[in-house]
Amino acid sequence: MLKSTVAALVLFSGTLMLLAGCSGTGAAITGGRMGMNLLRKDSHLKIKLDGQPAKQTTWKKAATGYSRFKIKEAVSTAPKLQFELENPDKFGRITMVSVSIYQKFEADYSHQAEFTVIARDTNNPEAQMKPGVVYDLGNPGPGFKVLNLTSQEVSGVTLKPGMKYMLALTVRADHSETAQVYFKTK
């Protein structure tokens, strides 16, 4: 399906450029660049909040090479998180998984995490969050620590209603990766 989407976007962009008066070569180069942008992997992490998958805007990714991962509908103030590793072998040995949530501040997002969720035993790879498991961030359980803005341990994540947030999921491994997901609360 991705290849057919890429082909359709390349054809569409080339047609638009020709109609706008661009040369066939210019249209082909731009269409090819857009196709390459769509084929590039931005993340090998797939994330869901409250069952909703984080997605990128296809047109924006084609045009600029990157599009933010977003959750379409508002989520609860204590969302449930699930992640998958698209290619587990690419990561190698996973030693830590952490989740940090940042609140929107003025035109950007705060540089200080409102909440950080980590395994209580950060040195034990077996204690880390696992792919395919749904974690209730409002009450992640005794195996996890939730730290608030001032690094105090709290029982769970409680976000403010009607606010915008960015979630950063980091998998520390032989090949580490962090995915950022933008969302709003109900």
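The following paragraphs examine the structure supplied in this document. Here the structure is a predicted model, which means the values were calculated and not measured.

Cut-offs applied
- Residues numbered from 1 in each chain as written.
- Predicted model: local features only at pLDDT ≥ 70, side-chain atom pairs only at ≥ 80, totals over all residues.
- Heavy atoms only, no water.
- Core = buried A, V, L, I, M, F, W, Y, C linked by side-chain atoms within 4.5 Å.
- Buried < 20%, exposed > 50% of the residue type's maximum accessible area, 1.4 Å probe, protein only.
- Helix = DSSP H or I, 4+ residues; strand = E, 2+ residues; numbered from the N terminus.
- Contact = heavy atoms within 4.5 Å.
- Salt bridge = Lys/Arg side-chain N within 4 Å of Asp/Glu carboxyl O.

## Here's the deal with the nonpolar core
Ile101, Met129, Leu167 and Phe183 are the most contacted members of the largest nonpolar core, which totals 32 residues. For this core, the leading source of residues is strand 11 (residues 164-172), giving four residues. The residues touching Phe183, leaving out its near neighbours within four places in the chain, are Leu49, Ile71, Val75, Ile101, Leu159, Met163, Lys164, Tyr165, Met166 and Leu167. Core analysis: the next-biggest nonpolar cluster, separate from the first, contains six residues, Tyr109, Ala113, Met166 and Ala168 among them.

## Observations regarding the environment of Ser151
Position of Ser151 among the secondary structure elements: in the loop between strand 9 (144-148) and strand 10 (153-154). A sequence separation of 37 residues divides Ser151 from Glu114, and the C-alpha atoms of the two residues are 9.2 Å apart.

## Topic: the pattern of salt bridges
Overall, the coordinates contain three salt bridges when judged by the stated rule. Across the pair Glu153 and Arg120 runs a salt bridge, and its minimum N-O distance is 2.5 Å. Of the two residues, Glu153 sits in strand 10 while Arg120 sits in the loop between strand 7 (115-119) and strand 8 (135-136), which places them 33 residues apart along the sequence. Its relative accessible area of 40% is what places Arg120 among the partly exposed residues.

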